[in-house]
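# A structural walkthrough
Given next are the chains, with one letter for each unit.
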Amino acid sequence: IFLVEMTYRCPHMHREFEICMILSGEVAVYTNRQRQDFRKGDLILFNPRQTHELHGLTEHYLILSVQVASGFYKRIYPEISRLEFGSIALADGDKQLRRRMQSLILKLASAYLKKEEGYEFFCMAYLSEFFGELLRSLLPGAVLADFCRSLHLRAVLPAASGAPVQKLAPGR
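Computed from a predicted structure; not experimentally measured.

### Quick look at the pairing of strand β8 (residues 61-68)
For β8, the tally of buried residues reaches 6 of 8 residues, placing the bulk of the element in the interior. Pairing analysis gives 5 bridges linking strand β1 (residues 2-6) to β8, with the strands arranged antiparallel. Bridge pairing in β8 links phenylalanine 2 to serine 65. One ladder, built from 7 bridges, connects strand β3 (residues 17-24) with β8; its direction is antiparallel. Residue pairing in the sheet places serine 24 in a bridge with leucine 62 of β8.

### A short note on the environment of tyrosine 61
You can see tyrosine 61 is positioned in strand β8. Overall, tyrosine 61 belongs to the buried group, its relative accessible area being 0%. Considered as a pair, tyrosine 61 and valine 4 are 57 residues apart in the sequence and their alpha carbons are 8.2 Å apart.

### A closer look at the sheet that holds strand β4 (residues 26-31)
Strand order in the open sheet formed by 4 strands is β2-β7-β4-β5, and the pairing between neighbours is antiparallel. The strands lining the two open edges of the sheet, one partner per strand, are β2 (8-12) and β5 (34-39). Taken pair by pair, the neighbouring strands of this sheet meet at an average axis angle of 20°, ignoring direction. One ladder, built from 6 bridges, connects β4 with β5; its direction is antiparallel. Each residue of the ladder has a partner; that of threonine 31, found in β5, is glutamine 34.

### Quick notes on helix α1 (residues 95-114)
Look at α1: 28 Å from first C-alpha to last across 20 residues, which is about the 28 Å you get at 1.5 Å a residue. Leu97, Arg98, Met101, Gln102, Leu104, Ile105, Leu108, Ala109 and Ala111 are the residues of α1 that are buried. Looking at the buried side of α1, the elements it contacts are β3, β6 (43-46), β8 and α2 (119-138). Downstream of α1 by one or two residues, lysine 115 has phi in the positive range, about 50°.

### Re the nonpolar core
Ile19, Met101, Ile105, Leu127, Phe130 and Phe131 are the most contacted members of the largest nonpolar core, which has 30 residues in total. Counting only elements with at least two residues in this core, the list comes to β3, β6, β8, α1 and α2. Among the elements that make up this core, the one with the highest residue count is α2 (8 residues). Setting aside anything within four residues of it in sequence, one finds leucine 127 in contact with Ile19, Val66, Val68, Phe72, Tyr73 and Leu108.

Conventions and cut-offs
Residues numbered from 1 in each chain as written. Predicted model: local features only at pLDDT ≥ 70, side-chain atom pairs only at ≥ 80, totals over all residues. Heavy atoms only, no water. Buried < 20%, exposed > 50% of the residue type's maximum accessible area, 1.4 Å probe, protein only. Helix = DSSP H or I, 4+ residues; strand = E, 2+ residues; numbered from the N terminus. Pairing = 2+ DSSP bridges. Axes fitted to C-alpha atoms, helices over the stretch in contact; angles between N-to-C directions. Expected span 1.5 Å × (residues − 1). Contact = heavy atoms within 4.5 Å. Core = buried A, V, L, I, M, F, W, Y, C linked by side-chain atoms within 4.5 Å.

Below, the structure is given as structure tokens:
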């Protein structure tokens, strides 16, 4: 998680998903030889290894950026390593979803930057809720229901099989 103010960023890519929120200014983003313009409050999602280039349309623009390795969620959602989102503009036509996603990213950044006791859990919760909202908004209902069932089964099956379960005690 970081804040960056700039006027231009040359073409580059990351191994991680990158979620950006424009905090001030306006920016033109080039991906796949196409240009999309974004302004304050807009949310952008870059897939892993997706080349992108940013040009300021105002003197400066400020971006809140969150990079998330697909391996971070691999245990609960193995399909994430094959997941690729089609549009970089998030919640473009859904104002309620846009507000929820903006709120989650800002809460994530606040928790991370303040680093108060237990902040790691809040960061994971906000990020997980963000990806949950993202998947819910983009995946058909049946696919999401299958995903939720598989999560439940993966959590329940080891305990039901009699496999040893590690218990954590306070102070350990």
